[in-house]
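Reading the structure
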Amino acid sequence: MGRVMVLGSLNVDLVTRVERHPRPGETLLGDGLSRLAGGKGANQAVAAAAAGAQVLMVGCVGDDAGGTAYRDRLRDRGIDVSRVRVVDGEASGHALIAVDDRGENSIIVIPGANASLGEAEVAAVEDLGPGDVLLLQLEVPLPVVCSAARRAAHLGARVVLNTAPYAALPADVVALADPVVANEHEMVALAESGAEPGSLLVTFGANGVTWDGGTVAAHAVAAADVVDTTGAGDAFCGALAAALASGADRPAALEAALAAGAATVRHEGAQPDPTL
């Protein structure tokens, strides 16, 4: 069984509930404030570990209480955090999240220490080899993502690239990814860029997914059971990477990923038991 290395962001999520999302210039009252573990990279690492993979997390946190708590949290879940660097004098990344009564969210991300990823994090990729999976997202500096993808592919590892939040990447980097995981909006932007991925997996929320044209239905979740959609895509990606690292074929990997995404919307926060 191969390993999953996740290079990406770690954020402290500050979450409040609202009846509906505010219009521009409007102020609404939130119901409570929760401090939860988040960040696309760490969310995906936790999901991959929960799916049974040996996971290595690569990223940066600040020298603050949130960063210390986060490293401890990941370590307690069996994730190798030896490559999570503490950046002196910098705050950990944060995300401000409002969740409405339908479970839909709006998010503002403040990168903090996540913006400090650099050559040290690219160097961590040297540990990878054939059978391993490098899982990437775009909440960290794009030059690091590109260098890591190129190096991992050169070493024979499989590159899985989640194009969220969307940003244009060099065509050669996109071509290395098998698959690129994009939602329907990111798919359009990717097509307009002209870059061609090694394979393309498009997620359509409750309407399922396609992988190079083959369609698989989503796991049904009743509207009454939807608590919070934050992190559903990350759970999908993490479980997908874990399945691919285990040698699963496409149908089996998609089944595992869809089950993880459906489970995530049933609880508050992007990770199970997310209080930080």
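Above this note sits the structure.
Conventions adopted
Residues numbered from 1 in each chain as written. Predicted model: local features only at pLDDT ≥ 70, side-chain atom pairs only at ≥ 80, totals over all residues. Heavy atoms only, no water. 1 Å grid on protein atoms, 1.4 Å probe; cavity = no way out; pocket = protein on both sides within 12 Å on 5 of 7 lines; lining within 4 Å. Points joined across faces, edges and corners; volume = space filled by probe spheres on them. Nonpolar A, V, L, I, M, F, W, Y, C, P; charged D, E, K, R; others polar. Helix = DSSP H or I, 4+ residues; strand = E, 2+ residues; numbered from the N terminus. Polar contact = N/O pair within 3.5 Å; in protein donor to acceptor, adjacent residues only side chain to side chain. Contact = heavy atoms within 4.5 Å. Salt bridge = Lys/Arg side-chain N within 4 Å of Asp/Glu carboxyl O. Buried < 20%, exposed > 50% of the residue type's maximum accessible area, 1.4 Å probe, protein only.

1. Thoughts on empty space enclosed by the protein
Tallied over the full model, the rule gives 1 cavity of 30 Å³ or more. Computed from the structure, the largest cavity encloses a volume of approximately 50 Å³. Forming the walls of the largest cavity are Thr163, Tyr166, Ala167, Ala168, Leu169, Val174, Leu190, Ser193 and Ala195. Among the residues forming the lining of the largest cavity, the class breakdown is 7 nonpolar, 2 polar and no charged.

2. Things to note about the side chain of Asp100
The residue Asp100 is located in the loop between strand E6 (93-99) and strand E7 (105-110) in this model. A polar atom in the side chain of Asp100 sits 2.9 Å from the backbone nitrogen of Arg102. With residues up to four places along the chain from it excluded, the contact list for Asp100 reads Arg17, Val18, Glu19, Arg20 and His21.

3. Observations concerning the pattern of salt bridges
This model, assessed by the stated rule, comprises 14 salt bridges. Notably, a salt bridge pairs Arg75 with Asp72, separated by 2.9 Å at the nearest N-O pair. Here Arg75 and its partner Asp72 are both found in helix H2 (residues 65-76), 3 residues apart, which amounts to about one turn of the helix. Here Asp72 falls in the partly exposed class, since its relative accessible area comes to 35%. With a closest N to O distance of 2.8 Å, Arg150 and Asp172 form a salt bridge. Of this pair, Arg150 sits in helix H4 (residues 142-154) while Asp172 sits in helix H5 (residues 171-176); the two residues are 22 residues apart in sequence, bridging distant segments of the chain. Judged by relative accessible area, Arg150 falls into the partly exposed class, the value being 35%. Residue classification places Asp172 among the partly exposed residues on the basis of a relative accessible area of 39%.

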